[in-house]
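Summary of structural features
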Amino acid sequence: MKLMQRTNLSADGINKSFSRPGEHDPLKVLEDIHFEIREGEFVSILGPSGCGKSTFLNILAGFEPADSGHAACCGEHIRDPSPERAVVFQSPVLFPWLNVKDNILYGLKLRKDVRNEAEEIASEYIRAVGLDGFWDYYPSQLSGGMQQRTALARALVLRPKVLLMDEPFAALDAQTRYSMQQLLLGLWENYRHTIVFITHDVEEALLLSDRICIMSKRPGRMIEEIAVPFERPRPLSLTGTQEFSMLKGHILGRLMD
Ligand SMILES: Nc1ncnc2c1ncn2[C@@H]1O[C@H](COP(=O)(O)OP(=O)(O)OP(=O)(O)O)[C@@H](O)[C@H]1O
Ligand SMILES: [Mg+2]
């Protein structure tokens, strides 16, 4: 049983618009977003394409300011990116000129507090993501799944409080995707990160998360929150049950509203 305590990340009344080329009125993307995630919780965000999910994640990451409203991590207003909030994107962001180990070591070497143990910590995470034996490969020599595992290790090695994931497995084939989901769940159980996970895949959200937040079409608003009722571990066979299909159908219906 995971211990869920303090609020780790919160958003209160977030609004965001973007100016449009050649148009007078800005495009309203996010409207009055309220969101909260507690320490150690795994929450997925689902919503139609273009509804503002990545924009919201970018605000939580500190890449983008909100027009109004308040986003906070551990009670502190989010202004800038921080190593406390690691981001994993759909396409793995790796330095092509560094091998797996050096990609993972990169952030650690910038930190004075762990510099002496950096190699040891990097090796632990290389093992954790199943890349033992590939530490000296360059990104171009890795498969898509292996690149994403390197990106995941690179984010996790800094022990962030929050992991912000924007469709991290969307580009992978079904089998690799399943093994990445299992890997992520294993890492989550071990290291107890707080995870915000954006996906288009309703089954993925139901298999992975404690809670699912559904957004409306643009301007994105939070329209429903669902506590996922299935016990863990959740075997793939769960997807064939009536309760699973009904919940999936309900969510798909909300997404098409
Ligand atoms: N930097 C930007 N400048 C102008 N418009 C932007 C910018 N970033 C996003 N938008 C617009 O905001 C809207 C929401 O984009 P966003 O990427 O957040 O959607 P999304 O929900 O992540 O979609 P998808 O599911 O397709 O990834 C889109 O209409 C997009 O054109
Ligand atoms: Mg997006």
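In what follows, the structure referred to is the one given above.
To start, this report covers the structure provided alongside it. Every value quoted in this text rests on a predicted model; they were computed, and no experiment measured them. (Residues numbered from 1 in each chain as written. Chains lettered and ligands numbered in written order. Predicted model: local features only at pLDDT ≥ 70, side-chain atom pairs only at ≥ 80, totals over all residues. Heavy atoms only, no water.)

Side note on the overall build of the protein
Basically, it comes down to this: A run of H or I in DSSP becomes a helix once it reaches four residues, and a run of E becomes a strand once it reaches two; helices and strands are each numbered from the N terminus. Exposed residues in this analysis have more than 50% of their type's maximum accessible area, buried residues have under 20%, and partly exposed residues fall in between, with area computed by a 1.4 Å probe over protein chains only. It only takes one pair of heavy atoms within 4.5 Å for two residues to be counted as in contact. Residue burial considers only the protein chains on display, and all accessible areas are found by Shrake-Rupley using a 1.4 Å probe. Positive charge is attributed to Lys and Arg, negative charge to Asp and Glu, and no charge count is given to His or to the chain ends. To locate a charge, the coordinates of NZ of Lys, CZ of Arg, CG of Asp or CD of Glu are taken.
Counting secondary structure elements, the protein contains 7 helices and 10 strands. Its C-alpha atoms give the protein principal-axis dimensions of about 50 × 45 × 40 Å. Of all 257 residues assigned to the protein, the portion counted as buried reaches 47%. A sequence separation of at least 24 residues applies to 69% of the contacts in the protein between residues at least 6 apart. As displayed, the protein has an accessible area near 12,700 Å², and 50% of this comes from carbon and sulfur atoms. Computed over 29 positive and 34 negative side-chain charges, the separation of the two mean positions in the protein equals 2 Å.

Comments concerning the pairing of strand 4 (residues 68-73)
The test is simple: One bridge is not enough; two strands pair if DSSP finds at least two bridges between them.
Note that strand 1 (residues 7-18) and strand 4 share 5 bridges and pair antiparallel. Bridge pairing in strand 4 links alanine 11 to alanine 71. Relative to strand 5 (residues 76-77), strand 4 runs antiparallel, the two being bridged by 2 bridges. When the bridges of strand 5 are listed, alanine 72 appears paired with histidine 77. Remark: 2 residues form the turn of the hairpin made by strand 4 and strand 5, two consecutive strands paired antiparallel; cysteine 74 in that turn has positive phi of roughly 50°.

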